[in-house]
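# Per-entry structural report
Here is how the chains run, residue by residue.
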Amino acid sequence: MNFFKVLFGSGDQSPEEEKQNDDARRFDLLKYDGVKAMKMGRPDYAVKCFQEALRMNEDLEVRDYLSRVLVAQGEHEQALEQLQFLMDAQPDNKGLPMQAAHVANLMDDYDRMQQYCEQSMAIDPENATAHFLYARACLGKNDMVGTIARLSRCLALNEHFGDAYLLRGQTLLQMGDVAGAEADAKWLMEHAEHNEDILMLVARIARAKGNNDEALTVYTQVIDLNPFHAEAYRERGQLRFETGDKQGAKEDMEKVFELCPEEMNGVNGDYTAEGIEQQVRRAYSALNPFGI
């Protein structure tokens, strides 16, 4: 517009107009630089750009960017402050409480997590994801019954919600309901792409049923998928120890120590034939893969 004013002789800008246009250009530049810094992996610079831009002009998109960068930096409380501002400005946006619930989950703040889920469900009662996150909050508070109830509601709303089947199966197994856990694992094996979490559930169910050979096979499948899965080595090693495979148990525990060196505390390093049984027994004695 200013170009055409000059071109057609409509007169110079007033000082106020020049300042407004300069401020608008600076705001756009700060916003652009902040987004660019996000993409380049420079969150500290992105935060400075977005904060300075907001001092110049209120912009909801910039606040959303800022909340995401703050989460990436681990500044969760500050991120929630930005999200609360956005929720106040857009009270009908069901996605914003979901973002806040995810942040509260990172903080292990399960009370606030439930509050945000309830806020989202008030906007959309059939929001399956809100029920799923509410279930995760229940589990964080050790409310197993509430967890199962919310997951079942989630699956009633979306029968293809794989993560809900997985979490329900894990929780049911933890509660000792092997049959219920097995039903959810069966659905996952038939309908979901197999991953290490699903296979770990299948292995633990097989073990709980006394199907040790099947459990060992599935633990090995997990390790084939992810050679750095310490839990799979640990649980397979314990099962090997219990079934008399002391050498296999030793090898698995050595792998656990390699992946998790902090677990070497209290282990004397005696891997002789005489010492292996005592050390592996100590290493595996407190392990309970079912959480019962």
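Residues numbered from 1 in each chain as written. Predicted model: local features only at pLDDT ≥ 70, side-chain atom pairs only at ≥ 80, totals over all residues. Heavy atoms only, no water.

One can describe the packing of helix H13 (residues 212-225) onto helix H14 (residues 230-242) by two numbers: an axis separation of 9 Å at closest approach and a directional angle of 155°. By the angle between their axes, H13 is roughly antiparallel relative to H14. Seen from above, H13 lies across H14 with left-handed handedness. Seen from H13, the contacting residues are Asn212, Ala215, Leu216, Tyr219, Thr220, Val222 and Ile223; seen from H14, they are Ala232, Tyr233, Glu235, Arg236, Leu239 and Arg240. (Axes fitted to C-alpha atoms, helices over the stretch in contact; angles between N-to-C directions. Helix = DSSP H or I, 4+ residues; strand = E, 2+ residues; numbered from the N terminus. Parallel < 35°, antiparallel > 145°, perpendicular 65-115°, else oblique. Left-handed = near helix turned anticlockwise from the far one by under 90°. Contact = heavy atoms within 4.5 Å.)

Before going further, it helps to spend a moment on the packing of H14 against helix H15 (residues 246-259). Contact geometry of H14 with H15 gives a least axis separation of 8 Å together with a crossing angle of 160°. With respect to their mutual orientation, H14 and H15 come out roughly antiparallel. For the pair H14 and H15, the sense of crossing is left-handed. Each of Ala230, Tyr233, Arg234, Arg236, Gly237, Arg240 and Phe241 in H14 lies in contact with H15, whose residues at this interface are Lys246, Gly248, Ala249, Asp252, Lys255, Val256 and Leu259. Residues of the contact of H14 with H15, tallied by class, amount to six nonpolar, two polar and six charged. (Nonpolar A, V, L, I, M, F, W, Y, C, P; charged D, E, K, R; others polar.)

With 14 residues, helix H5 (residues 76-89) extends 20 Å from end C-alpha to end C-alpha; this agrees with the ideal 20 Å at 1.5 Å per step. Looking at H5, one finds that the buried residues are His76, Ala79, Leu80, Gln82, Leu83, Leu86 and Met87. An end-on view of H5 places all buried positions within 160° of arc, on one side of the element. The inward-facing, buried residues of H5 contact helix H3 (43-56), helix H4 (60-72), helix H6 (95-106) and helix H7 (110-123). (Expected span 1.5 Å × (residues − 1). Buried < 20%, exposed > 50% of the residue type's maximum accessible area, 1.4 Å probe, protein only. Arc of directions from axis to C-beta.)

Okay, the nonpolar core next. Leu83 and Phe132 are the most contacted members of the largest nonpolar core, which totals 58 residues. Discounting chain neighbours no more than four positions away, the residues touching Leu83 are Ser67, Leu96, Gln99, Ala100 and Val103. Listed in part, the 14 residues of the second largest apolar core include Val35, Phe50, Ala53 and Leu66. (Core = buried A, V, L, I, M, F, W, Y, C linked by side-chain atoms within 4.5 Å.)

Per-chain confidence: the protein averages 89 in pLDDT, with 86% of residues scoring 70 or above. Note that residues 1-10 has pLDDT below 50 and, in this model, five contacts with residues that lie over four places away or in other chains. (pLDDT = per-residue confidence, 0-100.)

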